[in-house]
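A closer look at the structure
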Amino acid sequence: MSTPTKPLQDRVAVVTGASSGIGEAAAEKLASLGASVVVLARRADKLQDLVERIAKKGGTAIAIAADVTDTAAVQAAADRVETELGGADLLFNNAGVMLPAPVEERATGQWQHQIDLNVTGLMNVIGAFTPQLVRAGQEHGVADLINTSSIAAQNIFPNFAVYSGTKAYVTHLSRHLRVELGAKNVRVSAIEPGIVGTELQSHVTDQGALDWLEGSKESMEWLAPQDIAETIGFIATLPPRVNLQQVTIMPTAQPS
């Protein structure tokens, strides 16, 4: 049974992109709230370290190494969650990549990578786990699908067109899914962070974007992954009647 200190005691949470950054912090937060957490990402060694860290703090977690762009691997992960834990009732769909560049450079490989991970990978996970969420919603009165979008879904950032387009997809998709699944007691939320200090920045190769990011550090304190994790925990522990459809989380000094 859940308690005030462990409000997610009876729940099973799946976190993608869990090997670092927001996903890693969210997994630790959800475990601290009592959820049994399934951490999913490609890097098995990072996941194992996370599972051991959660266990040392009294939490429960299992690791599944999988690439969310691999449809069969994601379905196999969902089948394992079903078999071993009875299915997920909370999905934090967080895996993603940010590779800004001027469109005139025709960095088609980077375009495709962002679309594959931020859109197709997202859909692979939604497709595999939604049946479990719907069943949990019907049986227990609540389930959660939380998708990581970005403030880039709303605002304009030069040279971020493809990334921003993928995140606009995430936000708009989430709104539609909320209408589709809400009647089945599945709450759908889109999280739109501003700049968060994660590995995303280390993947950037465009010099203009790198200069902009570096300059922003001098004018503001970036968000930390734990800030987003706290918000995920808050959303998941709200009464079943409450659904935060869209949450924008900005550094205090970030203007847009």
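See the structure printed just above.
Residues numbered from 1 in each chain as written. Predicted model: local features only at pLDDT ≥ 70, side-chain atom pairs only at ≥ 80, totals over all residues. Heavy atoms only, no water.

1. Remarks on the packing of helix 3 (residues 71–85) against helix 4 (residues 108–140)
- Remark: helix 3 packs on helix 4, axes separated minimally by 8 Å, with the N-to-C direction vectors making an angle of 20°. In terms of their interaxial angle, helix 3 and helix 4 are classed as roughly parallel. The handedness of the crossing between helix 3 and helix 4 is right-handed. Residues T71, V74, Q75, A77, A78, V81 and E82 of helix 3 lie in contact with helix 4, whose contacting residues are N124, V125, A128, F129, Q132 and R135.
- Counted by class, the contact of helix 3 with helix 4 contains seven nonpolar, four polar and two charged residues. (Axes fitted to C-alpha atoms, helices over the stretch in contact; angles between N-to-C directions. Helix = DSSP H or I, 4+ residues; strand = E, 2+ residues; numbered from the N terminus. Parallel < 35°, antiparallel > 145°, perpendicular 65-115°, else oblique. Left-handed = near helix turned anticlockwise from the far one by under 90°. Contact = heavy atoms within 4.5 Å. Nonpolar A, V, L, I, M, F, W, Y, C, P; charged D, E, K, R; others polar.)

2. Some words on the environment of I146
- Within the fold, I146 resides in strand 5 (residues 143–148).
- Residue I146 is classed as buried on the basis of its relative accessible area, which comes to 0%.
- Linking I146 and I191, residues 45 residues apart in sequence, is a C-alpha distance of 7.2 Å.
- Apart from residues lying up to four places away in sequence, I146 is in contact with L91, F92, N93, S189, I191, I232 and I235. (Buried < 20%, exposed > 50% of the residue type's maximum accessible area, 1.4 Å probe, protein only.)

3. As for the sheet that holds strand 4 (residues 90–93)
- Strands sit in the order 3-2-1-4-5-6-7 across an open sheet of seven strands; the sheet is parallel. For this open sheet the edge positions go to strand 3 (60–65) and strand 7 (246–249), each flanked by a neighbour on one side alone. Sheet twist, expressed as the average angle between the axes of neighbouring strands with direction ignored, equals 15°.
- Judged from the six bridges that link them, strand 2 (residues 36–41) and strand 3 form a sheet pairing that is parallel. Paired with V38 across the strands is I62, a residue of strand 3.
- Relative to the sheet, helix 2 (residues 44–56) contacts strand 2 and strand 3, its axis offset from that of strand 3 by approximately 175°.
- The sheet contacts of helix 5 (residues 161–182) involve strand 5, strand 6 (186–193) and strand 7, and relative to strand 6 the element is tilted by about 160°. (Pairing = 2+ DSSP bridges.)

4. Focus: the pairing of strand 1 (residues 12–16)
- By the criterion of burial, strand 1 is predominantly enclosed, with five of the five residues buried.
- A two-sided burial pattern is seen for strand 1, the buried positions comprising V12, V14 and T16 on one face and A13 and V15 on the other.
- Pairing analysis gives five bridges linking strand 1 to strand 2, with the strands arranged parallel. Opposite A13, over in strand 2, you have V37 as the bridge partner.
- You can see the chain leave strand 1, run along helix 1 (residues 21–32) and come back into strand 2, and the turn it takes is right-handed. (Right-handed = clockwise from strand over helix to strand, strands pointing away.)

5. Here we look at the pattern of salt bridges
- Tallied over the entire structure, the rule returns nine salt bridges.
- A salt bridge links D89 to R11; its shortest N-O distance comes to 3.3 Å. Placement of the pair is D89 in the loop between helix 3 and strand 4 and R11 in the segment before strand 1, with a sequence separation of 78 residues. Each member of the pair D89 and R11 is classed as buried.
- Residue D144 pairs with R11 through a salt bridge whose shortest N-O separation is 2.9 Å. Placement of the pair is D144 in strand 5 and R11 in the segment before strand 1, with a sequence separation of 133 residues. (Salt bridge = Lys/Arg side-chain N within 4 Å of Asp/Glu carboxyl O.)

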